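# Geometric and topological summary
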Amino acid sequence: MKIVIFGLGYVGFTQACCLVSQGHQVVGVDLSKDKVAKIMGGEPPIVEPGLQEMLLHGLREGRLSALTDVGDELADCDIAVVCVGTPSSVDGSHDMRYIANVTQDIAESLVKHSDFRDQPLAVVFRSTFRPGTIEDLVQPIFESVLGDACEDQVQIVYNPEFLREATAVADYFSLPKIVVGTQDGRGSALMEALYADIEAPFFNVPFRVSEATKFIDNTWHAVKVAFANEIGRICFGMDIDSDKVHEIFVSDTKLNISAHYLRPGGAFGGSCLPKDVRALQRIAADKGVSTQLIDSLLRSNDAHKHCMFERASAELQRGEHVLLVGLAFKAGTDDLRESPNVDLARMMLDHGFDVSIYDPAIEPEMLQGANLGYVSARLGHLDKMLLTREAAERGRFSRTIVCNATANSLDLSGHRIVALSAI
Ligand SMILES: NC(=O)c1ccc[n+]([C@@H]2O[C@H](COP(=O)([O-])OP(=O)(O)OC[C@H]3O[C@@H](n4cnc5c(N)ncnc54)[C@H](O)[C@@H]3O)[C@@H](O)[C@H]2O)c1
């Protein structure tokens, strides 16, 4: 394929070299005369292992070139790839001027070459930007320049880049995943052809989902680093070998390094997590160690509980009858200590709702000790609120609030459900 890449920085130049090595013809476009001159002189504009040889190979074969202006290159090109920067602006948002300018450049070039093209140009955005950017910024620019011809001339794709600097070439050929965002989420034949040689999970999704993935990945990586460093500081403060702690931690691929605990749903609770997070905060404070991420966990969890209440009670009036399905922090246990669902039931009562509960694991007369203490301080008449399975299934409620997986064993057909937890 002939591919034109806009922006020859860390992402664009690496991609240019990798595409050339796969046999494609690549023309790079960058506003920087300096970068373009360097590339044409055989010198990579960035430091990245492997690129020097790939660049020289591309130049020798006549399949890689760089320009400061796209000129007529889009007339016969198969794919245009956008890799311009999205640096921070003063208010913290991405500065979108480079994306806006390059979109305008591409659209204007297409107007000039519309007579030469018999099919839409796939314009693939790889820069990182907020969900909604394609629909709210990129599409309107194309539409304003190309007018009614827009659909016939451009096929917009969002394809986030997951490479890491210093291992970028290796990453390019060994991707963790490939995400392709399109208007209808059904994918693009050209993108499948482009990635045909690369084995990785492939996701075809709508624009907003694809735009969100990169944000989530980067934020998650930041959480991991901040968490590791806070744990490292606590270990250092307690003279504990943090390397050994790390080795044990990452060896657990069932619960620690796994998909567990990462699905959006209910707040955390139960007899261990809140108590032990609180105690670790105390240890850190005793040792004079600042742990801002760990300190934020219970606050974040409280905020989530309020959010769950807002969702559960939205558009309901005082006095309406609601059914909560699942009272313990997860299905199949009668441990009610610090269960977020007990807190939710209390909030619903405080706001004047008539609350019934179904949780077959809870037998009030069997509760004892701290478990009994926690629930009786919050739900004094739990025994009167609990329903049998039949009463829960057949009852008439304004709303049924699914709080944990208890709902999986219940026939809730005919119920008006708000799911706070996956069913
Ligand atoms: N650096 C990474 O490791 C990495 C990884 C994944 C995603 N990203 C994202 O990819 C995007 C690019 O990152 P980068 O690090 O390669 O940026 P960069 O600053 O190194 O390169 C951007 C290039 O775009 C050029 N440019 C700006 N406007 C242009 C225009 N109108 N036409 C042609 N060229 C133009 C600039 O001159 C610059 O050379 C960013 O959104 C970034 O967040 C970066």
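Residues numbered from 1 in each chain as written. Predicted model: local features only at pLDDT ≥ 70, side-chain atom pairs only at ≥ 80, totals over all residues. Heavy atoms only, no water.

So, about the sheet that holds strand E11 (residues 399-402). Read from one edge to the other, the open sheet built from 4 strands follows the order E10-E9-E11-E12, with strand pairing classed as parallel. Among the strands making up the open sheet, the edge pair consists of strand E10 (354-358) and strand E12 (417-419). Each strand of the sheet is rotated relative to its neighbour by a mean of 25°, with strand direction disregarded. Direction of pairing for strand E9 (residues 321-325) relative to E10: parallel, over a ladder of 5 bridges. Across the sheet, residue histidine 321 finds its bridge partner in E10, namely aspartate 354. Against the sheet, helix H12 (residues 292-313) engages E11 and E12, with an angle of about 150° to E11. (Pairing = 2+ DSSP bridges. Helix = DSSP H or I, 4+ residues; strand = E, 2+ residues; numbered from the N terminus. Axes fitted to C-alpha atoms, helices over the stretch in contact; angles between N-to-C directions. Contact = heavy atoms within 4.5 Å.)

Before going further, it helps to examine the site of the ligand. Within the structure, the ligand sits among 21 residues, and Val11, Asp30, Lys35, Thr86 and Glu165 are positioned closest to it. For the ligand, an oxygen atom lies 3.0 Å from a polar atom in the backbone of tyrosine 10. Within the complex, 80% of the 840 Å² of free accessible area of the ligand lies under protein. Of all the secondary structure elements, the ones that give two or more residues to the shell around the ligand are helix H1 (10-21) and helix H4 (97-113). Broken down by element, the shell around the ligand gets its largest block of residues, 3 residues, from H4. (Near = heavy atom within 4 Å. Polar contact = N/O pair within 3.5 Å; in protein donor to acceptor, adjacent residues only side chain to side chain. Areas by Shrake-Rupley, 256 points an atom, 1.4 Å probe, with all protein chains shown as cover.)

Quick look at the nonpolar core now. Judged by nonpolar contacts, the single largest core of 33 residues is most densely connected at Ile5 and Phe13. Other than its neighbours up to four places away in sequence, isoleucine 5 contacts Gly12, Gln15, Ala16, Leu19, Val26, Val27, Gly28, Val29, Val81 and Cys83. (Core = buried A, V, L, I, M, F, W, Y, C linked by side-chain atoms within 4.5 Å. Buried < 20%, exposed > 50% of the residue type's maximum accessible area, 1.4 Å probe, protein only.)

Here we come to helix H13 (residues 340-350). Counting buried residues along H13, 8 of its 11 residues qualify, which places the element largely inside the surrounding structure. Every buried residue of H13 is listed here: Pro340, Asn341, Val342, Asp343, Leu344, Ala345, Met347 and Met348. Those residues of H13 hidden inside the fold are in contact with H12, E9, E10, helix H14 (369-378) and E11. One or two residues past the end of H13 sits glycine 352, with phi positive at roughly 85°.

Our focus in this paragraph is the pairing of E11. Burial along E11 is two-sided: Arg399 and Ile401 facing one way and Thr400 and Val402 facing the other are all buried. Where E9 lies against E11, 4 bridges are found, and the strand directions are parallel. What sits directly across from leucine 324, in E11, is isoleucine 401. As paired strands, E11 and E12 are joined by 3 bridges and run parallel to one another. Note on E12: the bridge partner recorded for isoleucine 401 is valine 418.

Our next topic: the domain arrangement of the protein chain. In terms of domain boundaries, the protein chain breaks down into domain 1 (2-207) and domain 2 (307-419). Distance from the C-alpha centre of domain 1 to the C-alpha centre of domain 2: 51 Å. (Domains from an automatic or database assignment.)

Attention shifts here to the side chain of glutamate 230. With respect to the helices and strands, the residue glutamate 230 is situated in helix H9 (residues 207-237). This buried residue, glutamate 230, is left without a salt bridge; arginine 233 holds the nearest opposite charge, at 4.2 Å. (Lys, Arg positive; Asp, Glu negative; His and termini not counted. Salt bridge = Lys/Arg side-chain N within 4 Å of Asp/Glu carboxyl O.)

Orientation of H13 relative to H14, taken along the N-to-C sense of each, is 20°, at an axis distance of 9 Å. Between H13 and H14, the crossing angle belongs to the class labelled roughly parallel. In the crossing of H13 with H14, the sense of the turn from one axis to the other is right-handed. Residues Val342, Asp343 and Arg346 of H13 lie in contact with H14, whose contacting residues are Tyr374, Val375 and Arg378. (Parallel < 35°, antiparallel > 145°, perpendicular 65-115°, else oblique. Left-handed = near helix turned anticlockwise from the far one by under 90°.)

Here we come to a negative patch on the surface. On the surface, Asp334, Glu363, Glu365 and Asp383 cluster together into a negatively charged patch. Relative to the elements of secondary structure, glutamate 365 occurs in the loop between E10 and H14. Exposure remark for glutamate 365: the relative accessible area of 63% places this residue in the exposed category. (Patch = residues over 30% accessible without salt bridge, like charges linked within 9 Å, V, L, I, M, F, W, Y side chains within 5 Å. Charge placed at Lys NZ, Arg CZ, Asp CG, Glu CD.)

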